[in-house]
Amino acid sequence: MANDTAFAGSIPEIYDRNLVPLIFEGYARDMAVRVSSRNPRDILEVAAGTGVVTRAIAAALPDAKIIATDLNQPMLDRAATQQPRGGNVTWQQANAQALPFEAESCDAVLCQFGAMFFPERRLAYGEAYRVLRPRGRYIFNVWDEISENDFADVLTSALAARYPKDPPRFLARTPHGYHDPDTIFADAAAAGFTEISIDTVNEKSIAQTPLDAVIGYCQGTPLRSEIEARDPNGLAEATNIAANAIEKRFGRGPVEGRLRALVITAKR
């Protein structure tokens, strides 16, 4: 759905403040370790969001040149307010399916939790292949199915009960909608990649309160638009319903939930 890729208005700030530390930082560190072990000089990041991976890579590889791109300029604007230490970072709006860069111009292409949003994944993977130099690596990750990611699963069920005739399904449909290893492998291979490996990586999501655990999901992603489409004045109520569901399952806080993602490395 078109709205699934719209991160604008107040969403970038809430996303960065609430959701990044909740679910993204651990995987950014994991990606930084994987990338820095190969010591690439020229790095392209697609779907960079508000820059959590960019900052981790810049710290790990202070001499690297990094171009961090995203489809949504407001996300990059937020990222640019937190300029990374180290690294030579350029922020640039770009569509992962039509990258405005020369062929064989970088050593590594990275994408953290962006592939699920690509309308044509094989086209986006083909673009990553095109801009990579021979023997370069494409490293990306995707969320595993929603049942393996506690907070997202619980709040999605809670909102389905609140809106039974038309449940908001953004989280299950898009962030957690592309997790079959065979499909991912086939898509990457179709773009020309070889030596494709897929690792399962578990992390923990920790929040001080149930409300802290859900506010980023409900108000800092396109799930917000789904809620407001069903009830223009219902965002606060829906957020509280989700928080109550987390409290019922995990207690008053601090609360801890499982995270699970797949990390894919492919060779050009």
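Located above this text is the structure these notes cover.
Rules and cut-offs
- Residues numbered from 1 in each chain as written.
- Predicted model: local features only at pLDDT ≥ 70, side-chain atom pairs only at ≥ 80, totals over all residues.
- Heavy atoms only, no water.
- Helix = DSSP H or I, 4+ residues; strand = E, 2+ residues; numbered from the N terminus.
- Axes fitted to C-alpha atoms, helices over the stretch in contact; angles between N-to-C directions.
- Parallel < 35°, antiparallel > 145°, perpendicular 65-115°, else oblique.
- Left-handed = near helix turned anticlockwise from the far one by under 90°.
- Contact = heavy atoms within 4.5 Å.
- Nonpolar A, V, L, I, M, F, W, Y, C, P; charged D, E, K, R; others polar.
- Phe/Tyr/Trp six-rings, centres within 6.5 Å; stacked < 30°, edge-to-face > 60°.
- Buried < 20%, exposed > 50% of the residue type's maximum accessible area, 1.4 Å probe, protein only.
- Lys NZ or Arg CZ within 6 Å of the ring centre and 35° of its normal.
- Arc of directions from axis to C-beta.
- Pairing = 2+ DSSP bridges.

### Section: the environment of N3
Topologically, N3 is positioned in the segment before α1 (11-36). Distance in space between the C-alpha atoms of N3 and I196 is 31 Å, their sequence separation being 193 residues.

### A word on the packing of α1 against helix α3 (residues 73-80)
One way to put it is that α1 packs onto α3 with a least axis distance of 9 Å and a crossing angle of 50°. Here α1 is positioned oblique relative to α3, judged by the angle of their axes. For the element pair α1 and α3, the recorded crossing hand is right-handed. Two secondary-structure elements touch here, α1 through P12, E13, Y15 and D16 and α3 through P74, M75 and R78. For the contact of α1 with α3, a count of residues per class yields four nonpolar, no polar and three charged.

### A look at the packing of aromatic side chains
Scanning all chains against the criterion turns up 15 aromatic pairs. Between the aromatic rings of F117 and F170, the centroid separation amounts to 6.3 Å while the plane-to-plane angle is 45°, which identifies the pairing as tilted. Taken as a pair, F117 in the loop between β4 (106-112) and α4 (121-131) and F170 in helix α6 (residues 170-173) lie far apart in primary sequence, 53 residues in all. Taking the centre distance of 5.1 Å and the plane angle of 35° together, the rings of Y125 and F140 count as tilted. In this pair, Y125 sits in helix α4 while F140 sits in strand β5 (residues 132-143), placing the two residues 15 residues apart along the sequence. Residue classification places F140 among the buried positions, given a relative accessible area of 0%. An aromatic cluster is built from F7, Y15, F24, Y27, F113, F117, W143 and F170, whose rings are joined through pairwise contacts. For R121, the ring lying beneath its charged end belongs to Y178, and the centroid distance is 3.9 Å.

### Points about α3
M75, L76 and A79 are the residues of α3 that are buried. End-on view of α3: buried residues confined to an arc of 95°, all on one side of the axis. The secondary structure elements touched by the buried residues of α3 are α1, β2 (65-70) and β3 (88-93).

### A few points about the environment of P21
Along the polypeptide, P21 turns up in helix α1. In the structure, P21 is positioned 184 residues away from S205 in sequence and 8.6 Å away in space, judged by C-alpha atoms.

### Things to note about the sheet that holds β3
Taken together, the seven strands give an open sheet; going across it, the order is β3-β2-β1-β4-β5-β7-β6, and neighbouring strands pair in mixed fashion. Strands at the two margins of the open sheet, each flanked by one partner only, are β3 and β6 (194-207). Each neighbouring strand pair of the sheet contributes to a mean axis angle of 20°, computed without reference to strand direction. Across seven bridges, β5 lies against strand β7 (residues 255-267) in antiparallel orientation. The partner of N141 across the bridge, within β7, is V263. The strands touched by α3 within the sheet are β2 and β3, with β3 carrying the most contacts at an inclination of about 155°.

In short, the description is geometric, and any link to function would need to be established separately.
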